[in-house]
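Next come the chains, spelled out residue by residue.
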Amino acid sequence: MAIDTIDPNLKSKLDELQSQFVELTTQLEDPEILADHKQVSALSIKRAALAPVVEGYIAYSNLVTESDELNDAIHGDDQELAEMAKEELPSIEMHATEMIEQIKQTLVTTDDRAVGSVILEVRSGTGGDEAALWARDVLTMYVKYATAIGWKVDELDMVTDSGFGGIRHAVVNFQGDGVWQQLSFEAGVHSVKRVPETETQGRIHTSTCTVAVLPEPEEVEVNIDWGNDVEEHITTAQGPGGQNVNKVATAVHMIHKPTGVEVRMQETKSQAQNREKAKRLLIARVHEIERQKIDAQRAEHRNTQIGTGGRSEKIRVYRYQDNIVADQRLDQKFQKNKIIDDADLRPMFDALIEQETARRLAEL
């Protein structure tokens, strides 16, 4: 067995990732970088995502070296050593084959695990006040899950419903290990069948909310000419009916002229904070458009989580009366109280990740 027996494209990719891992390790030892907590966090997440692949590749290379040494012994002059090598070689070769399969499985999720920040948007859909309440419940589920596993949660924008305390539109940033790998599956329409708080006769209603999940790119990944490409307006914050809710102009409205992307931010009373949050959301949306173009060029048929109409499709139904959550992409069902009440999303995420990993492996 020789290292060159693996696919040349795979070997090239693994060599590239090993170089990246070494570079990230070097950067994380730089005193200037260590002084920047935000940069340390981002680099650490990237390095952690690469570690299983690189460590597996090193172990595989060591097994191949051992295999070569055993082959040399088999063809050597020492008969006793040759017999021992013949007995040991099949086990080493089998272990090496298993190792490369494990590496492939880890490799296809490495890019996902390297994204440590996402922007998640929840919008109420059909169902009036009940849809707004449902959007609130879905967002609460994500926040509860994120808090339990140690992700950082930053509310960027929130438009509440004045009637029953629901949410019309919310934008939240989640940061931490595995945020994109897990939350990317949430993009789409979430449908609920239950007796609403607003229902007086006990009838079951069907309501929906829409979830969009955008990987938050580093600013250097998106080429935006802020002076020429972006039009900015500063206004007073607006209430649900369009009336001004304060007298100071702090709300920020940005338009990215090349793509037509618009964002409005009025969550805080600070114009500077609203501008910073608006920029982050604008960058993520422009980045998504560029990602869509790249995905379309690579493979029009590929079913990516973001960028192929997925967010307009129903991905999950929550049936309260039956205590069932049915994800349209999975055969198994989950208990509503575990998913909504306890925010125990990990078993469902694990099943979705396993399914997506198998699909990507089939395309290798």
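Computed from a prediction, not measured in an experiment: that's the story for all the values here.

Procedures and definitions
- Throughout this document, residue positions are counted from 1 along each chain, in the order its sequence is written.
- Since the coordinates come from a predicted model, pLDDT governs what is reported: local features require at least 70, and pairs of side-chain atoms require 80 or more to be given and counted, while whole-chain, interface and lining totals use all residues.
- For the side-chain quantities, the full set of heavy atoms in the structure was used; hydrogens and water were omitted.
- Per the convention used, a helix needs a DSSP run of H or I reaching at least four residues, while a strand needs a run of E reaching at least two, with both numbered from the N terminus.
- The buried label goes to any residue with under 20% of its type's maximum accessible area, the exposed label to any with over 50%, and the partly exposed label to all in between, with areas taken from a 1.4 Å probe on protein chains only.
- Whether two residues are in contact is decided by their heavy atoms, any of which lying within 4.5 Å being enough.
- Using the Shrake-Rupley algorithm and a 1.4 Å probe, accessible areas are obtained, with residue cover drawn only from the displayed protein chains.
- When the centres of two rings from Phe, Tyr and Trp lie within 6.5 Å, Trp using its six-membered ring, the rings pair. Their planes under 30 degrees apart give stacked, over 60 give edge-to-face, and anything left gives tilted.
- By the criterion adopted, a ring carries a charge over it if an Arg CZ or a Lys NZ lies within 6 Å of its centre and within 35 degrees of its normal.
- Computed over the protein atoms alone on a 1 Å grid, cavities are sets of points where a 1.4 Å probe fits but cannot get out and pockets are open sets with protein on both sides within 12 Å along at least five of seven lines; a residue lines them when it has an atom within 4 Å of a point.
- Grid points are joined across faces, edges and corners, and a volume is the space filled by probe spheres set on the points.
- Whether two strands pair depends on DSSP finding at least two bridges between them.
- Between N-to-C directions, angles span 0 to 180 degrees; the directions come from axes that are lines fitted to C-alpha atoms, helices contributing only their stretch in contact.
- Put simply, a nonpolar core is a bunch of buried Ala, Val, Leu, Ile, Met, Phe, Trp, Tyr and Cys residues held in one set by side-chain atoms that sit within 4.5 Å of each other.
- Small angles under 35 degrees read as roughly parallel and large ones over 145 as roughly antiparallel, with 65 to 115 read as roughly perpendicular and the rest as oblique.
- Should the near helix be turned anticlockwise from the far one by less than a right angle, the crossing is left-handed, and should it be turned clockwise, the crossing is right-handed.
- Gly is put with the polar residues, along with every residue not named as nonpolar or charged; the nonpolar set is Ala, Val, Leu, Ile, Met, Phe, Trp, Tyr, Cys and Pro, and the charged set is Asp, Glu, Lys and Arg.

Trainee: How should I be thinking about the overall build of the chain in this particular structure?
Mentor: A count of helical and extended segments in the chain gives ten helices and eleven strands. Looking at the chain as a whole, 43% of its 364 residues are labelled buried. Taking as baseline every contact in the chain between residues at least 6 positions apart, the subset at least 24 positions apart corresponds to 63%. A total accessible area of about 19000 Å² is found for the chain, and carbon and sulfur atoms account for 48% of it.

Trainee: Where do I start with the packing of aromatic side chains in this structure?
Mentor: In this description, a pair of aromatic rings is defined by centroid distance and the angle of the planes. Inspection of the entire model under this criterion finds four aromatic pairs. On the numbers, 4.8 Å between centres and 70 degrees between planes, the contact of Trp134 with Tyr318 is edge-to-face. In this pair, Trp134 is assigned in helix H6 (residues 128–149) and Tyr318 in strand S9 (residues 314–319), connecting sequence segments 184 residues apart. There is no split in this pair, since Trp134 and Tyr318 are both buried. In textbook terms, an aromatic cluster arises when at least three aromatic residues are bridged by ring pairs, as seen for Trp134, Tyr318 and Tyr320. Between the NZ or CZ atom of Arg194 and the centre of the ring of Tyr320, over which it lies, the distance is 5.0 Å. The ring of Tyr320 carries Lys336 above its face, with NZ or CZ at 4.4 Å from the centroid.

Trainee: How do you make sense of empty space enclosed by the protein when you look at a structure like this?
Mentor: Any space left empty among the atoms is revealed by the rolling of a water-sized probe across them. According to the stated counting rule, one finds one cavity of 30 Å³ or more in the structure shown. The volume enclosed by the largest cavity comes to roughly 30 Å³. If you trace the largest cavity, you find it lined by Thr109, Asp112, Gln181, Phe185, Ile353, Glu356, Thr357 and Arg360. Counting residues per element, the lining of the largest cavity draws most heavily on helix H10 (residues 346–363), which supplies four residues.

Trainee: I keep staring at the sheet that holds strand S3 (residues 167–175) and nothing clicks. Help me out?
Mentor: Across a sheet, strands are paired by hydrogen bonds formed along the backbone, either parallel or antiparallel in direction. The strand order across the open sheet built from eight strands is S2-S3-S1-S5-S4-S9-S10-S11, with neighbouring strands paired in mixed fashion. The open sheet has two edge strands, strand S2 (152–160) and strand S11 (333–335), and neither has a second partner. Direction aside, neighbouring strands of the sheet carry axes that sit 20 degrees apart on average. Taken together, the four bridges between S9 and strand S10 (residues 324–327) define a ladder with antiparallel strand orientation.

Trainee: Help me out: how do you make sense of the nonpolar core in this one?
Mentor: Within soluble globular proteins, side chains that are nonpolar generally end up buried alongside one another. Ranked by internal contacts, the top residues of the largest apolar core, which has 38 residues, are Leu120, Met141, Tyr142, Phe174 and Leu183. For this core, the elements supplying multiple residues, two or more each, are strand S1 (117–124), H6, S3, helix H7 (179–183), strand S5 (205–215), helix H9 (336–341) and H10. Ranked by residues supplied to this core, first place goes to H6 with eight residues. Once you skip the residues sitting within four places of it in the chain, Leu183 turns out to touch Val118, Leu120, Tyr142, Trp151, Phe174, Val213 and Phe349. Counting residues in each nonpolar core, the second largest holds 29 residues, with Leu50, Ala51, Ile74 and Ala85 among its members.

Trainee: Looking at this model, I keep getting lost on unusual backbone geometry. Mind explaining?
Mentor: Here the phi dihedral of Asn323 falls at roughly 55 degrees; this positive angle occurs in a residue that is not glycine. Structurally, Asn323 can be placed in the loop between S9 and S10. Overall, the relative accessible area of 28% leaves Asn323 in the partly exposed class. Phi at Ala343 is positive, roughly 55 degrees, even though this residue is not glycine. Relative to the assigned elements, Ala343 resides in the loop between H9 and H10.

Trainee: What am I meant to see in the packing of helix H3 (residues 37–74) against helix H4 (residues 79–107) here?
Mentor: To characterise two packed helices, one gives the angle between the axes of the helices and the distance between these axes. Where H3 contacts H4, the axes come no closer than 8 Å and their chain directions differ by 160 degrees. With respect to each other, H3 and H4 are oriented roughly antiparallel. Pair H3 / H4 crosses with left-handed handedness. The residue makeup of the contact of H3 with H4, split by class, is 19 nonpolar, five polar and four charged.

Trainee: Sorry if this is basic, but what is going on with the pairing of S2 here?
Mentor: Here S2 pairs with S3 via eight bridges, running antiparallel. The residue bridging Val159 from the neighbouring strand is His169, located in S3. Adjacent in sequence and paired antiparallel, S2 and S3 are bridged by six residues, among which Gly165 carries a positive phi angle near 85 degrees.

Trainee: What am I meant to see in the environment of Leu139 here?
Mentor: Along the chain, Leu139 falls in helix H6. When the C-alpha positions of Leu139 and Val211 are compared, they lie 9.2 Å apart, and in sequence the two are 72 residues distant. Excluding residues within four positions of it along the chain, Leu139 makes contact with Leu120, Val122, Met158, Ile167, Ala170 and Val172.

Trainee: Got a minute to help me understand the pairing of strand S4 (residues 188–194) in this structure?
Mentor: Remark: a regular strand shows side chains that alternate across the two faces of the sheet. Counting buried positions along S4 gives six out of seven residues, so the element sits mostly inside the fold. Note: S4 against S5, seven bridges, orientation antiparallel. Of the residues in S5, the one forming a bridge with His190 is Cys209. Where S4 and S9 come together, five bridges link them in parallel fashion. Counterpart to Val192 in the pairing with S9 is Tyr318.

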